[in-house]
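Fold and geometry: a report
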Amino acid sequence: MKVSNQTKKWAKAASIRAAKTMAQTAVAMLPAAATITQVDWLTVLGTAALAGVASMLTSVAGLPEIKESEEE
């Protein structure tokens, strides 16, 4: 099964967006006053992963990074 060039562009753009969303979510989950040993890393990683999934699903509706002319 051959993957179209457009699908590759979408997957790359959506993955970059999801990775950024996951990083932002992880940072937001870290309490400002806590030491690194007090962070519940499982919760941080789980929440960041969920944000990444939500980002990928949102990207199905379209990505502004991929111009409309490129979609055709």
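The rules behind the values
- Residues numbered from 1 in each chain as written.
- Predicted model: local features only at pLDDT ≥ 70, side-chain atom pairs only at ≥ 80, totals over all residues.
- Heavy atoms only, no water.
- Helix = DSSP H or I, 4+ residues; strand = E, 2+ residues; numbered from the N terminus.
- Buried < 20%, exposed > 50% of the residue type's maximum accessible area, 1.4 Å probe, protein only.
- Contact = heavy atoms within 4.5 Å.
- Areas by Shrake-Rupley, 256 points an atom, 1.4 Å probe, with all protein chains shown as cover.
- pLDDT = per-residue confidence, 0-100.
- Expected span 1.5 Å × (residues − 1).

So, on to the overall build of the chain. The helix and strand tally for the chain stands at three helices and zero strands. In sequence order, the secondary structure elements of the chain are arranged as α-α-α. For the chain, with 72 residues in total, the buried portion stands at 18%. Considering only intrachain contacts with a sequence separation of at least 6, the fraction spanning at least 24 residues in the chain is 74%. Surface accessibility of the chain: about 5,500 Å² in total, with carbon and sulfur atoms responsible for 65%.

Below, the discussion takes up the confidence of the model for the chain. Looking at the chain, pLDDT values average 86 and 89% of them are 70 or higher. Confidence, read as mean pLDDT per element, is least for helix α3 (residues 68-71) in the chain (53) and greatest for helix α2 (residues 41-59) (94).

What follows is about the side chain of S55. Of note, S55 is situated in helix α2. Look at S55 and you get buried, because its relative accessible area is 7%. If near-sequence neighbours (up to four positions away) are discounted, S55 is found in contact with R17, A18 and T21.

Within the fold, Q6 resides in helix α1 (residues 5-29). Accessibility expressed as a relative area gives 24% for Q6, which makes it partly exposed. Each C-alpha atom of the pair Q6 and I66 lies 9.1 Å from the other, and the pair is 60 residues apart in sequence.

What follows concerns the environment of V53. Its place among the elements puts V53 in helix α2. For the pair V53 and M22, spaced 31 residues apart in the sequence, the C-alpha separation amounts to 9.0 Å.

So, on to α1. For the α-helix, the turn length of 3.6 residues means that residues three or four positions removed from each other point alike. Taking 1.5 Å per residue as the helical rise, α1 with its 25 residues ought to reach 36 Å, and the 36 Å between its terminal C-alpha atoms agrees with that figure. For α1, every residue scored as buried is listed here: A13, A14, A18 and T25. At its buried positions, α1 is contacted by α2.

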